[in-house]
There are 2 protein chains.
Amino acid sequence: MLSYAEPIRELIEQLESLPGIGPKSAQRLAFHLLASGPEKAQRLGRAVLELHARIRRCERCGNWSVDAVCAICSDEERDGTTICVVADAKDLMALERAGEYDGLYHVLGGVLSPVAGVGPNDLRVSELLERVEALGVTEVILATPPTVEGDATAEFLREVLAERGDLRVTRLALGLPVGADLDYADQVTVARSLRGRTQMTD
Amino acid sequence: MLSYAEPIRELIEQLESLPGIGPKSAQRLAFHLLASGPEKAQRLGRAVLELHARIRRCERCGNWSVDAVCAICSDEERDGTTICVVADAKDLMALERAGEYDGLYHVLGGVLSPVAGVGPNDLRVSELLERVEALGVTEVILATPPTVEGDATAEFLREVLAERGDLRVTRLALGLPVGADLDYADQVTVARSLRGRTQMTD
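**Q** What exactly am I supposed to notice about the packing of aromatic side chains here?
**A** What characterises a pair of aromatic rings is the spacing of the ring centres plus the angle enclosed by the ring planes. Enumeration according to the criterion identifies 4 aromatic pairs over all chains in this entry. Taking 5.8 Å as the distance between ring centres and 55 degrees as the angle between the ring planes, the aromatic pair formed by A:Tyr4 and A:Phe31 counts as tilted. In this pair, A:Tyr4 sits in the segment before α1 (6–16) while A:Phe31 sits in helix α2 (residues 23–35), placing the two residues 27 residues apart along the sequence. Judged by its relative accessible area of 14%, A:Tyr4 is buried. Pairing B:Tyr101 with B:Tyr105 gives two aromatic rings, centres 5.1 Å apart and planes at 70 degrees, and the pair type is edge-to-face. Neither residue differs from the other here; B:Tyr101 and B:Tyr105 are each classed as buried.

Next up, the structure:
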């Protein structure tokens, strides 16, 4: 059996190492890049190659940014008295897409995980406390994921933040996803949607 | 709503233009490349960027190759009297993986398609005839795909090749995929498996 020419093999190997791309997809992508000509491959290749050179962490919130301070932190229109704490920059983008929030963010860089050996010092916790102090923040929204580790991280931050006086600490609501079929929702989510039920009459 | 930093947006856009990669996967891949550090992104970026510079078509069979003549065509162990005609280099690799064939190949570069405006002159047909002549080929296996266009292409090649005397022209067998459930196979495939049934007793 013949194997692929070396440059194709190398490309397939690199593609296969990406999440959600199996051997079959990697082959298909490699042959697509072959068939669609050098310009397309060059555009993609350059975008990947230059990614890290062109981007860094915002020195304030930890979001990915072209400049030292990201577009959100340098936006004077945004409410500087509210900080929304997320585990990851991906989560920040999910919140931005919702178009509901106009405060600032703080990217922790993960969640507490004794199993993975991630403790408070591995997350950007002291930076959060410094910003809360310096900005005169009045509300911190804990938007770590609704998982065991995300909950533990939120609980830890709540305790640390409680030491400061008049600061509201909130957590994203749990409940049914919009448009969901009750019948298909998991028990825990249904239970949380009951516990967190909201009043419709005044 | 904030959009992604420009280098991330550009990367997501390039990834989204690939087959089978939607907006969600493109985002996930981009953030994976961010999170996994510059070395990984550089290896992938370089593999994509250098692909076309490092590879070309074999001047004999049309397969992708690092050298002017590909590894199959330059392998003297292979049977030079049999040529297997495929639409695409991808199909060649599928046949190689089967480990059943040790003749040569000929990549047509597509199939006849009046709709897409692909005629005989757009395929490497004259090159095939030249090779059949020059190599003293005794069998041509038509391995174009079992689709309307692939069948039409095979039929066209059969007619062209029939003009040469003692040359066996064959076509890949159609039938049930190995391990398939008869109940799940489509009617046309089941019909072909009946029509092409093979004798078990002598």
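Further notes follow.
**Q** Just checking my understanding: could you explain the sheet that holds strand β4 (residues 103–107) of chain B for this structure?
**A** Sheets are built from strands that pair by backbone hydrogen bonding, the pairs being arranged parallel or antiparallel. Residues and elements named next belong to chain B. Read across the sheet, 4 strands follow the order β4-β3-β5-β6 without closing on themselves; strand pairing throughout is parallel. Looking at which strands have only one partner, the edges of the open sheet turn out to be β4 and β6 (168–171). Taking the axes of each pair of neighbouring strands and ignoring which way they run, one obtains an average angle of 25 degrees across the sheet. Sheet strands in contact with helix α5 (residues 89–98) are β3 (79–86) and β4, and its direction is about 160 degrees off that of β4.

**Q** Which parts of the structure should I look at to understand the pattern of salt bridges?
**A** Think of it this way: side chains of opposite charge can pair up when their charged atoms draw near. Tallied over the entire structure, the rule returns 16 salt bridges over all chains. Residue A:Arg9 is joined to A:Glu13 by a salt bridge in which the shortest nitrogen-to-oxygen separation is 3.4 Å. Of this pair, A:Arg9 and A:Glu13 both sit in helix α1, 4 residues apart, which is roughly one turn of that helix. Taking relative accessible area as the criterion, A:Arg9 reaches 34% and is therefore assigned partly exposed. In this structure, B:Glu139 and B:Arg168 form a salt bridge, with 3.3 Å as the shortest nitrogen-oxygen distance. Remark: B:Arg168 occurs in strand β6 and B:Glu139 occurs in strand β5 (residues 139–142); sequence separation between them is 29 residues. Overlapping salt bridges, with partners in common, bring together A:Glu6, A:Arg9, A:Glu13 and B:Arg54 in one network.

**Q** When you look at the packing of helix α5 (residues 89–98) of chain A against helix α2 (residues 23–35) of chain B in this model, what are you seeing that I'm missing?
**A** To describe two helices that pack against each other, one gives the angle between their axes and the distance between the axes. Packing of α5(A) against α2(B) leaves a shortest axis separation of 10 Å and a crossing angle of 145 degrees. Between α5(A) and α2(B), the residues in contact are A:Ala89, A:Lys90, A:Met93 and A:Arg97 and B:Lys24, B:Gln27 and B:Phe31, respectively.

Reading the values: the criteria
Residues numbered from 1 in each chain as written. Chains lettered and ligands numbered in written order. Predicted model: local features only at pLDDT ≥ 70, side-chain atom pairs only at ≥ 80, totals over all residues. Heavy atoms only, no water. Phe/Tyr/Trp six-rings, centres within 6.5 Å; stacked < 30°, edge-to-face > 60°. Helix = DSSP H or I, 4+ residues; strand = E, 2+ residues; numbered from the N terminus. Buried < 20%, exposed > 50% of the residue type's maximum accessible area, 1.4 Å probe, protein only. Pairing = 2+ DSSP bridges. Axes fitted to C-alpha atoms, helices over the stretch in contact; angles between N-to-C directions. Contact = heavy atoms within 4.5 Å. Salt bridge = Lys/Arg side-chain N within 4 Å of Asp/Glu carboxyl O.

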